[in-house]
Amino acid sequence: MTRLPEGFIPTRHRVNERVQNMLGRLHRLMPGIEQPDDARWREIGVAFMEGDPAMDTLLAAMRRHGMRSARAQFDQALVHGIDAVPDAIPELREFIVSMATPPAWLDTGRVERGAALFRRCGMSALNVGRDVALMGGYQASAFNRTLILTGALQKGATRRLAETSQWVLDCTAEGGLAPYSAGWRSTLKVRFIHALVRQSVAAREDWDMEAWGLPVNQPDMAATLYGSLTVQALGARMMGVPQSRRERDDLAHLTRYVGWLIGVDERWLADTEEAAAAQLMQLLMSLTNPDETSRMMAQPLAREPLEREYRNLAFLRSRFEYAKHLSISRAFLGAEAMERLGLPSGVLPWYPLATFPVTLARHAVSRALPGGRNRMTRRGRAAQETHVRSLTMDRDAVIGESVTAR
């Protein structure tokens, strides 16, 4: 691995003028979203060389003690607790105990309310996650290179999409982020995989550290975190799902806790929707630098509905899903971004326009009826779970299966 001086800033850190102009427009609507000053801009650049010290240290210890047995201890501790692993290596015991001890700022009531909002957003959230956050995120070319080197292209877009969606559903399940629950376990498993990828990709001769920085670095992880949760709920709101300011801030609190679990430094975490949006937009000023890898990643995701298995009416359903997802991407990302991603820019945003009044009316009626909000939350989660099962044809999505890193 190339040794670089402390405070080194990779050449990938440069201003994307389109995002900079967007920040200026958003500042007029939300004053809390503003351009980063010189100190903040440099801080973002330096963070491209920063990984996850706690997990990177644990991974090194696991390798020293023997990865096969240490990995078995890690998996057992995630499910049964560290006390169920009497011979656990000291570094693993320390790590699990620290992760099972919630930070002082955590408000579990806010976490549960934020999770309920996400569930109530139903398929609107998952569609935005796929067609806006994930698709738009492929404009971050350096992060694409990490995915490509881990074999993500060869494993296929459907599997990658299923894994990401399952992790989000685990995190937003009722009680899902309590220690040793599904979301808690999944998040720490993702964190471990991030460390494996960071180490294996950084050691490759074809990884340009001076240009791209450390693989799976702090800004990359933070932006992915916000795209996975905050952007989905914000997009669902724009798709017709009513949300209160308190609910949106509670989801930001949930996102902050997931970020804490997954190894994102507190500097990049936020506790309100506006602060989360400000963090994301400032990061995107540097992250959004599309190149040929953007098309390599975006086009398979766009074609994914055409290659997915369907139980019936496969020809019609595949083409409807393909057109639907392109229309959502076009509505949120715009024609220029579609072109940069190698997608048809002439697509009309018909699906969001057609479904917005229907979605809004359904939620408005439900809110007027006794117990309606809870019913919408249950229906929304049922739709999300059904969708993820459809991606895997009822086979459980395995977190990390689409990544090749040892």
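Residues numbered from 1 in each chain as written. Predicted model: local features only at pLDDT ≥ 70, side-chain atom pairs only at ≥ 80, totals over all residues. Heavy atoms only, no water.

Caption draft 1: Structural view of the overall build of the protein. Assigned secondary structure in the protein consists of 21 helices and zero strands. For the protein, the C-alpha radius of gyration of 21 Å lies close to 22 Å, the compact-globule estimate for 406 residues. Over its C-alpha atoms, taken along the principal directions, the protein stretches across nearly 55 × 45 × 45 Å. Counting over 406 residues, the protein shows a buried share of 52%. Of the contacts made within the protein by residues no fewer than 6 positions apart, 77% connect residues no fewer than 24 positions apart. Total accessible area computed for the protein in this model is approximately 17,900 Å², and 55% of it derives from carbon and sulfur atoms. (Helix = DSSP H or I, 4+ residues; strand = E, 2+ residues; numbered from the N terminus. Rg over C-alpha atoms; globule rule 2.2 N^0.38 Å. Buried < 20%, exposed > 50% of the residue type's maximum accessible area, 1.4 Å probe, protein only. Contact = heavy atoms within 4.5 Å. Areas by Shrake-Rupley, 256 points an atom, 1.4 Å probe, with all protein chains shown as cover.)

Caption draft 2: Highlighting helix α4 (residues 67–80). Compared with an ideal rise of 1.5 Å per residue, which puts 14 residues at 20 Å, α4 spans 20 Å between its outermost C-alpha atoms and is within 8% of the ideal. Those residues of α4 that are buried are in contact with α3 (53–65), α5 (90–100) and α11 (182–202). (Expected span 1.5 Å × (residues − 1).)

Caption draft 3: Examining the nonpolar core more closely. With 91 residues, the main nonpolar core has Phe74, Leu92, Phe95, Trp167, Leu177, Leu254 and Val258 as its most contacted residues. Among the elements that take part in this core, α11 stands out by supplying 10 residues, more than any other. Among all residues touching Leu254, those that are not within four sequence positions of it are Val111, Gly114, Ala115, Cys171, Leu177 and Leu229. (Core = buried A, V, L, I, M, F, W, Y, C linked by side-chain atoms within 4.5 Å.)

Caption draft 4: Spotlight on helix α15 (residues 245–262). A rise of 1.5 Å per residue sets the reference length of α15, with its 18 residues, at 26 Å; its end C-alpha atoms lie 26 Å apart and thus fit the reference within 8%. Along α15, 16 of the 18 residues are buried, which leaves the element largely enclosed by surrounding structure. Looking one or two residues past α15, Gly263 carries a phi angle of roughly 100°, positive in sign.

Caption draft 5: Here's a closer look at the side chain of Arg198. Mapped onto the fold, Arg198 is located in helix α11. Contacts of Arg198, omitting those with residues within four sequence positions, involve Gly51, Asp52, Asp56, Leu214, Pro215, Val216 and Met221.

Caption draft 6: Expanded view of the packing of helix α13 (residues 218–228) against α15. Running from N to C, α13 and α15 point in directions that differ by 145°, and their axes come no closer than 10 Å. For the element pair α13 and α15, the recorded crossing hand is right-handed. For the pair α13 and α15, contact is made by Met221, Leu225 and Tyr226 and by Thr255, Val258, Gly259 and Ile262, respectively. (Axes fitted to C-alpha atoms, helices over the stretch in contact; angles between N-to-C directions. Left-handed = near helix turned anticlockwise from the far one by under 90°.)

Caption draft 7: The arrangement of a nonpolar patch on the surface in detail. On the surface, a nonpolar cluster with roughly 370 Å² of combined accessible area is contributed by Leu313, Phe315 and Leu316. In this fold, Phe315 is placed in helix α18 (residues 314–333). (Patch = residues over 30% accessible without salt bridge, like charges linked within 9 Å, V, L, I, M, F, W, Y side chains within 5 Å. Salt bridge = Lys/Arg side-chain N within 4 Å of Asp/Glu carboxyl O.)

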